[in-house]
Amino acid sequence: MGKRREPDDLSVHELIEGPTEILSRETLDAIRRPEAVGADLSVEQTHDLSASAAEVTSDLSGAGLAGAGGRTRVELPRMPAPGALYRRAALGALPGLGGGRRGADLPAVEFTVAGVRTDRAHLADYDRVCGFRLTDRLPATFPHVLGFPLTLRLMTAPGFPIPLTGVVHVGNRITVHRPITADEALDFTTFAQDLRPHDRGRQVDVVLVGSVDGEEVWRGVSTYLGRERTPGGRDRGERPTAPTATARWRVEPRVGTEYARVSGDHNPIHTSRLGARLFGFRRPIAHGMWSKARCLAALETRLPDACTVEVAFKLPVPLPSTVDFTLLPDGAFALHDSRGRPHLAGLVR
């Protein structure tokens, strides 16, 4: 007789184990060691959430120009509308409507949008949802939100090798070269690189670069996994003991809907019980980038002006749930569930 799963267990394919190629095995092992704890943060609750800015509309036309790395550059007049792109992705997933037209290689194209301004009301809503202080300085994760519609446009382009529906965000690396304020207009460029096999399918890095007056000030690299049926299974082995928590947060169901409004990421696995079930989750799950932002909000006063923050997303955070945050030596941090299972492993350098 098979082992009975507990009500809150997630299936094996929902726990992304193994090489995410974001953090080294040594770093992940160090984060999991209970003796590595070395911080003094008080246990606190998540911040109240508030409504956020309206969705931006756009024209998806653009002219093809010569870009870097042999890519064709497509300049868009404004940010695409996320809603239209999600509808395109949903239609593409239906039989006979383009779901099978997936390229074997990455498209040699990059999309750009110039002069993206920060709406201060939007920034304040984002800060409240993620727990940041209300200031004119952009959190390290906020340019990801500003440029997200552009990366969405790339991932829904014809021939992109991994379908948007059901894609898993397994890692993210952000480099902030200097502080960015809400007064500055950002130019964004996005492209994909390093399509590679994974034991559960294929992975790809989606790069988003933010520049001011021709100078790169911010770069984000998101690693996405397109799950595919592969022979055999992976031995998960024995999970190490989780480190002692230095803060504990209650993550309410509204985190999914409120973060969707401030980020433009309306994937139904985060906002709808039915949508979550369609992709194998018992209930909605928090956005991975909300989890990263919430951790950085807890570290806000400790972050240098210029830094790189890497995270590997492991077990999804179901909504609602209680999560344990741990600050570790040498810039490492982690997020676990109440049973010690890892949600996120991170490193600041």
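Residues numbered from 1 in each chain as written. Predicted model: local features only at pLDDT ≥ 70, side-chain atom pairs only at ≥ 80, totals over all residues. Heavy atoms only, no water.

Caption draft 1: How the structure looks around the packing of helix H3 (residues 120-130) against helix H5 (residues 254-263). Remark: H3 packs on H5, axes separated minimally by 9 Å, with the N-to-C direction vectors making an angle of 150 degrees. Between H3 and H5, the angle falls in the class roughly antiparallel. As for the relative orientation of H3 and H5, their crossing is left-handed in sense. Note on element contacts: H5 touches H3 through Glu-258, Tyr-259 and Val-262, opposite His-122, Asp-125, Tyr-126, Val-129 and Cys-130. (Axes fitted to C-alpha atoms, helices over the stretch in contact; angles between N-to-C directions. Helix = DSSP H or I, 4+ residues; strand = E, 2+ residues; numbered from the N terminus. Parallel < 35°, antiparallel > 145°, perpendicular 65-115°, else oblique. Left-handed = near helix turned anticlockwise from the far one by under 90°. Contact = heavy atoms within 4.5 Å.)

Caption draft 2: Molecular detail of empty space enclosed by the protein. All chains considered together, the criterion is met by 3 cavities of 30 Å³ or more. Each pocket or cavity is described by its volume, and for the largest cavity that value is around 60 Å³. His-144, Thr-151, Val-206, Leu-208, Trp-218, Gly-220, Ser-222 and Tyr-224 are the residues that line the largest cavity. When contributions to the lining of the largest cavity are tallied by element, the ones reaching two or more residues are helix H4 (142-155), strand E6 (201-212) and strand E7 (215-227). Per element, the largest residue contribution to the lining of the largest cavity is 4 residues, and it comes from E7. (1 Å grid on protein atoms, 1.4 Å probe; cavity = no way out; pocket = protein on both sides within 12 Å on 5 of 7 lines; lining within 4 Å. Points joined across faces, edges and corners; volume = space filled by probe spheres on them.)

Caption draft 3: Expanded view of the environment of Leu-208. As for its placement among the helices and strands, Leu-208 is situated in strand E6. It is 5.1 Å that separates the C-alpha atoms of Leu-208 and Gly-220, two residues lying 12 residues apart in sequence. In contact with Leu-208, other than residues within four places in its own chain, are Pro-143, His-144, Gly-147, Leu-150, Thr-151, Phe-188, Thr-189, Thr-190, Trp-218, Arg-219 and Gly-220.

Caption draft 4: Representation of the pattern of salt bridges within the structure. According to the stated counting rule, one finds 16 salt bridges in the structure shown. For Arg-128, the salt bridge identified is with Asp-125, shortest N-O distance 3.5 Å. Of the two residues, Arg-128 and Asp-125 are both situated in helix H3; the distance of 3 residues between them amounts to about one turn of the helix. We classify Arg-128 as partly exposed; its relative accessible area is 36%. Beyond isolated ion pairs, a larger network of salt bridges with shared partners links Arg-71, Arg-73 and Glu-110. (Salt bridge = Lys/Arg side-chain N within 4 Å of Asp/Glu carboxyl O. Buried < 20%, exposed > 50% of the residue type's maximum accessible area, 1.4 Å probe, protein only.)

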